Amino acid sequence: MTRPAGAGPASRDALAHAVGLRRSGWRWTILAAAALAAPLLLQGAFYHRVLALVVLAAISASAWNILGGYAGQISFGHAMFFGAGAYMPAFVYTHWHAAPALGLPLGVALSLAIAAVVGVPTFRLQGHYFSMATIAVAELIRILVSNWPLLGAAVGLQGPATARTVWDLTFRGSVTYYYLFLAVLAVLLGVTAWMERSRMGYYLRAIRAGERAARSLGVPARRYKLHALMLSAAFTAVAGSLYVVMIGFIDPDSGLGILISVEMVIVTALGGAGTLFGPLLGAAILIPLQQTANALFGGGGTGFTYIFYGGVIVLLCRFEPGGLLAIWHDRVAPAFRRRSASAVRHAA
Amino acid sequence: MLLEAQAVSKAFDGFLAVRGVNFEVAAGEIVGIIGPNGAGKSTLFNCLAGEASPTAGRVRFDGADVTTATPEAHARMGMARTFQIPATFTDVTILDNVMVGAFLRHPHAAEARAAATRVLDFAGLAGVAHLRAATLGTPGRKRLEIARALATEPRLLLLDEALAGLTPAEIQRAIELVREIHRRGVTLVIVEHVMEVILALAQRIIVLNHGEVIASGAPDAVVDLPEVVEAYLGRSLTPRGPAGAGAC
Amino acid sequence: MITAVQVLVGGLLLGAVYALFSSGLTLIWGMMNVVNFAHGDFVMAGMYLAFLAVVWLHAGPALFTLIAAALLFLFGVGVYYALIRRVMRGPIFAQLLSTFGLALLLRYTAFWIFSANFVTLPTTALTGTLRVGPIFVGAAQLVAGGVALLLTAGMHRLLTGTALGSQILAVAEDRQAAMLMGIRPDRMQALAWGLAAAAAGVAGALIATFYYISPTVGESLAIIAFVVVAFGGFGSVPGAMVAGILVGLIEATSAFYIGPVYKDVVVYALFVAILWVRPQGLMGERV
């Protein structure tokens, strides 16, 4: 990636920077419009369900992205936060006959507690310890829950069959859920975008790029990693709550299994970790693929899905860790730019 | 005294890398640390910078005891450092690299950006602000490291072989930059191998060998001391007439 | 009283196997700062290779263990050259993710080929129980434990007592210096991967004689390896040996007194406790 260093490149860059921002504003508006119109353009229960699941996956992945993509701390056990968020609404409904919505803040609180247990000791050590701990603690929780009658053991818990009030969050069809999820995603993206431009964003990226150097510049690495973890865990719990109110049911496999963690990782990594748009892109590609595969091949499809995921992850790591967005920015887009630049030169 | 090391020792698994080093830097000085490979310079450096904790002794910065303070605490208190192998954030732009340093004193992004831009101008990197740091060669990265450390507005800057591996022309530019930094009131401690740099910049040097200070004083006086020459395996350190150039 | 000893002996023997495959993990980690998240699945691969060797070749225990060791050695070296070597030069993000991706590949390929049902090894010369004094020990467990102890000690001896071993350790200690001494770091690192994978393969083949073989067995074995490595100390093979046996003992005791379902929970909780209280483990340096 070479750029001519000539007279006034700084001002040219600043201009390009500003234009880029303006252009990206337009892109997000178009995206938002498309997202709002989607259920009208794609009619039918199957499509609506897939749309809702895409947004849900985008929320989980975007939440994971804050910790894994921006801060570079890789969690392979995010399912524990998802599960905390998913079990709480079902729990309060089953045992207290309360509205599942009450479970949402409780799920967030529980996931923050779990996050503290995992993050506080490991963030003062090298990154591998955190990753290993996420696997161990997620499994530990899954085993405990699978054997705890209060939480339904292996059978799981259910939500309300019919809505008593709007706080039961039990709606017919997927469209209402779709818009609810979209609203939550918008909030999450807004928070992430704000974080990206603030000191926290710069510090997290520095920690990811080189924690030792970052600390020498005054970055309180441990504290910021914990902040990122908390934010990530909280939103993942919210995703879990949204999942359970839509599906109406939760069990250890669907709430706490490692495959849930895997999905968050692959969706983010494929699209582009550490970018705002990456998780959205990953979700938009992988979830429809996955749902179609399930519909066509039934359960046998799942074995191959994860071979595919494993293969994609290995290839990405080996060749382009920045995912599809990086492939676009670094390889595809410059080719277009070069062509249009030469066209301009020829025209002038 | 801005920086004091009192009887600092550091042991690794029984091996004493630094032994009872006493060392002082007054505000406004440029002090050099030299010594052959394995003399313990890096270890001492890391003890001063807070990356390693001495197994014995104290380190004081401006009167405060920083022996066990974290690197980030060091930075907050006004001590910054560079790394021997440049540790720039390669996938991040040059401006953003420096902004990370600037954020220490300017919590808001706009101010941090302005401060970082000023530092880039000072360091001669303004033209490449929006390029990724990975596009820089070694001299550029070393310069970026210095700029980034400067953005934390330190009172003391520790340079770890910041001028190694540069061509003579680049070395001259780097020496100028360091002099300019010093003129702006930053105290400097420089670990260096390149003698030309030490002789050009340091007002005072200490010589380490086997973890101990074997000599200290003005550069010209120290480099010809027999113990120092011997430490460097009998090579004469500065070019002189035929009489001095004999041993090799 | 006899039952307690019985439980402890079982734990000790299984612990020796844990020590065997965990020492490979700690060697790689100490050497190149890479945690092989697929290590449990290497063990799983060893188990299935043993199974196939019995089914297709009617191999006896010695042969199928050798086959597992050899094939996994080659696989480990291959993984190093094809993936790890490149990934190590890049961002840490990719380093952490790459072996996880490999784990998924291995696990779900096994799932696809063998389906979720577990298999067991057909009866071999190692079935049956021996009586050692007042205690009953499964022959398979005894052999597994004994062989594992020998091999782990052998690995330690290889590393500390031979020229090749010191070359490997030299690279682990200081890559640049090793290069200056004429040692090829790439070769040594590939060798380390091969050794670690082979150890995992052997461990798998050994356990296969008395364990249920299923594609997802790698998940829990990986965590056991993490616990052992953290407990023993980052990069310390002797630490892994001691810690492996301790973990085996703790696991067996928990299984007996609390229940088989919760034995994993105790070990995983132990891991968290280690991280909180003594992350450098028994023999590691202050992390």
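As shown above, the structure is provided for reference.
Everything quoted here is computed from the prediction, not taken from an experiment.

Participant: I'd like to hear about the overall build of chain C, residue by residue, with values.
Facilitator: The helix and strand inventory of chain C stands at 11 helices and 2 strands. Each helix and strand of chain C, placed in order from N terminus to C terminus, yields the pattern α-α-α-α-β-β-α-α-α-α-α-α-α. The C-alpha radius of gyration computed for chain C amounts to 18 Å, which stays within 12% of the reference 19 Å derived for 287 residues, consistent with globular compactness. Seen along its three principal axes, the alpha-carbon backbone of chain C occupies a region of about 55 × 45 × 35 Å. Taking as baseline every contact in chain C between residues at least 6 positions apart, the subset at least 24 positions apart corresponds to 77%. Of the roughly 11500 Å² that chain C leaves accessible, carbon and sulfur atoms contribute 69%.

Participant: Go over the overall build of chain B, please, and point to the residues and values.
Facilitator: A tally of helices and strands in chain B yields 9 helices and 10 strands. Against the 2.2 N^0.38 benchmark of 18 Å for 248 residues, chain B shows a C-alpha radius of gyration of 18 Å, consistent with a compact globule. Projected onto the principal axes, the alpha-carbon positions of chain B cover approximately 55 × 40 × 30 Å. In chain B, buried positions account for 55% of the 248 residues. Restricting to contacts in chain B with at least 6 residues of sequence separation, those with at least 24 account for 64%. If you sum the accessible surface of chain B, you get close to 10100 Å²; carbon and sulfur atoms cover 54% of it. Computed over 23 positive and 26 negative side-chain charges, the separation of the two mean positions in chain B equals 4 Å.

Participant: So, helix 2 (residues 39-57) of chain C: which residues are in play, and what are the values?
Facilitator: Residue and element names in this part refer to chain C. For helix 2, spanning 19 residues, the distance from its first C-alpha to its last is 26 Å, which sits close to the expected 27 Å at 1.5 Å a residue. Judged by how many residues are buried, helix 2 sits mostly within the fold: 15 of 19 residues are covered. A positive phi of about 50° marks His 58, the residue just after helix 2.

Participant: Outline the pairing of strand 2 (residues 135-138) of chain C, listing residues and values.
Facilitator: The two faces of a sheet get side chains in turn, since along a regular strand they alternate between them. Residues and elements named next belong to chain C. Judged from the 4 bridges that link them, strand 1 (residues 129-132) and strand 2 form a sheet pairing that is antiparallel. Across the sheet, residue Thr 129 finds its bridge partner in strand 2, namely Gly 138. Once strand 1 ends, the chain turns through 2 residues before running back antiparallel as strand 2, passing Gly 133 with a positive phi of about 65°.

Participant: Go over the side chain of Lys 41 of chain B, please, and point to the residues and values.
Facilitator: Residue and element names in this part refer to chain B. As for its position among the elements, Lys 41 is in helix 1 (residues 41-49). The charged side chain of Lys 41 is buried without a salt bridge, its nearest counter-charge being Glu 161 at 4.7 Å. Look past the residues within four positions of Lys 41 in its chain and what remains in contact with it is Ile 33, Ile 34, Gly 35, Pro 36, Glu 161, Val 191, His 193 and Leu 208.

Participant: Just give me the short version of the sheet that holds strand 10 (residues 212-217) of chain B, but keep the residues and values in it.
Facilitator: All names here are of chain B. Taken in spatial order, the 6 strands of this open sheet run 6-7-8-3-9-10, and their pairing is mixed. Unpaired on one side and paired on the other, strand 6 (79-81) and strand 10 mark the two borders of the sheet. When strand polarity is set aside, the average angle formed by the axes of neighbouring strands in this sheet is 20°. Its contacts with the sheet put helix 5 (residues 138-150) on strand 6 and strand 7 (156-160), and the angle it makes with strand 7 is roughly 160°. Each of strand 3 (30-34), strand 7 and strand 8 (187-191) touches helix 6 (residues 168-183); the most contacted strand, strand 8, lies at about 150° to it.

Participant: Quick rundown of the packing of aromatic side chains? Include the residues and the values.
Facilitator: Counted under the stated rule, the structure contains 29 aromatic pairs over all chains. Here Phe 42 of chain C and Phe 75 of chain C contribute two aromatic rings whose centre-to-centre distance is 5.6 Å and whose plane-to-plane angle is 70°, an arrangement assigned as edge-to-face. Taken together, the positions of Phe 42 of chain C in helix 2 and Phe 75 of chain C in helix 3 (residues 61-88) put the pair 33 residues apart, joining distant regions of the chain. Here the aromatic cluster, defined as three or more aromatic residues joined through ring pairs, consists of Tyr 306, Phe 308 and Tyr 309 of chain A together with Tyr 108 and Phe 111 of chain C. A cation over an aromatic ring shows up here: Arg 148 of chain B above the ring of Phe 89 of chain B, its NZ or CZ 4.4 Å from the ring centre.

Participant: Lay out unusual backbone geometry in plain terms, naming residues and giving numbers.
Facilitator: Although it is not a glycine, His 97 of chain A sits at a positive phi angle of roughly 55°. By secondary structure assignment, the location of His 97 of chain A is in the loop between helix 3 (79-96) and helix 4 (103-122).

Participant: Break down the interface of chain A and chain B for me, with residues and values.
Facilitator: Across the contact, 25 residues belong to chain A and 28 residues belong to chain B. Approximately 2300 Å² of surface area, both sides summed, lies buried where chain A meets chain B, with 64% of it carried by carbon and sulfur atoms. One can count 2 salt bridges joining chain A with chain B. Between Arg 215 of chain A and Glu 72 of chain B there is a salt bridge; the shortest N-O distance is 2.8 Å. At the boundary of chain A and chain B, one finds 4 residue pairs in polar contact (both at pLDDT 80 or more).

Participant: Describe the interface of chain A and chain C, listing the residues and the values that go with them.
Facilitator: Contact residues are listed per partner, giving 42 residues for chain A and 41 residues for chain C. Buried area between chain A and chain C, both sides added, is near 4100 Å², and the carbon and sulfur share of it is 80%. Considering only the surface of chain A that becomes buried against chain C, His 128, Tyr 129 and Met 132 of chain A emerge as the three largest contributors, covering 16% of it. The interface formed by chain A and chain C contains 0 salt bridges. For the pair chain A and chain C, the number of links is 6 residue pairs in polar contact (both at pLDDT 80 or more). Residue assignment for the side of chain A that touches chain C shows that the elements contributing at least two residues are helix 2 (45-70), helix 4, helix 5 (127-146), helix 11 (258-271) and helix 13 (301-319) of chain A.

Participant: Mind laying out the packing of helix 1 (residues 2-32) of chain C against helix 8 (residues 185-208) of chain C, listing which residues take part and the relevant values?
Facilitator: Residue and element names in this part refer to chain C. Following both chains from N to C, one finds helix 1 and helix 8 inclined at 165°, their axes separated by 8 Å at the closest point. In terms of axis orientation, helix 1 runs roughly antiparallel to helix 8. As for how helix 1 packs across helix 8, the hand of that crossing is left-handed. Here Val 17, Leu 20, Phe 21, Gly 24, Leu 27, Ile 28, Met 31 and Met 32 of helix 1 lie close against helix 8, whose contacting residues are Met 188, Gln 189, Ala 192, Trp 193, Ala 196, Ala 199, Ala 200, Val 202, Ala 203, Leu 206 and Ile 207. Looking at the contact of helix 1 with helix 8, its residues break down into 17 nonpolar, 2 polar and no charged.

Participant: Report on the packing of helix 5 of chain A against helix 9 (residues 217-232) of chain C, specifying residues and quantitative values.
Facilitator: Helix-helix packing: each pair is described by the crossing angle between the helix axes and the interaxial distance. Where helix 5 of chain A contacts helix 9 of chain C, the two axes come as close as 10 Å, and the packing angle between them is 125°. When the axis of helix 5 of chain A is compared with that of helix 9 of chain C, the two are oblique. In the packing of helix 5 of chain A onto helix 9 of chain C, the handedness of the crossing is left-handed. For the pair formed by helix 5 of chain A and helix 9 of chain C, the contact residues are Met 132, Ile 135, Ala 136 and Glu 139 of chain A on the first element and Glu 219, Ile 223 and Phe 226 of chain C on the second. Per-class residue counts for the contact of helix 5 of chain A with helix 9 of chain C are 5 nonpolar, no polar and 2 charged.

Criteria and thresholds
- Residues numbered from 1 in each chain as written.
- Chains lettered and ligands numbered in written order.
- Predicted model: local features only at pLDDT ≥ 70, side-chain atom pairs only at ≥ 80, totals over all residues.
- Heavy atoms only, no water.
- Helix = DSSP H or I, 4+ residues; strand = E, 2+ residues; numbered from the N terminus.
- Rg over C-alpha atoms; globule rule 2.2 N^0.38 Å.
- Contact = heavy atoms within 4.5 Å.
- Areas by Shrake-Rupley, 256 points an atom, 1.4 Å probe, with all protein chains shown as cover.
- Buried < 20%, exposed > 50% of the residue type's maximum accessible area, 1.4 Å probe, protein only.
- Lys, Arg positive; Asp, Glu negative; His and termini not counted.
- Charge placed at Lys NZ, Arg CZ, Asp CG, Glu CD.
- Expected span 1.5 Å × (residues − 1).
- Pairing = 2+ DSSP bridges.
- Salt bridge = Lys/Arg side-chain N within 4 Å of Asp/Glu carboxyl O.
- Axes fitted to C-alpha atoms, helices over the stretch in contact; angles between N-to-C directions.
- Phe/Tyr/Trp six-rings, centres within 6.5 Å; stacked < 30°, edge-to-face > 60°.
- Lys NZ or Arg CZ within 6 Å of the ring centre and 35° of its normal.
- Buried area = accessible area lost by both parts, 1.4 Å probe.
- Polar contact = N/O pair within 3.5 Å; in protein donor to acceptor, adjacent residues only side chain to side chain.
- Parallel < 35°, antiparallel > 145°, perpendicular 65-115°, else oblique.
- Left-handed = near helix turned anticlockwise from the far one by under 90°.
- Nonpolar A, V, L, I, M, F, W, Y, C, P; charged D, E, K, R; others polar.

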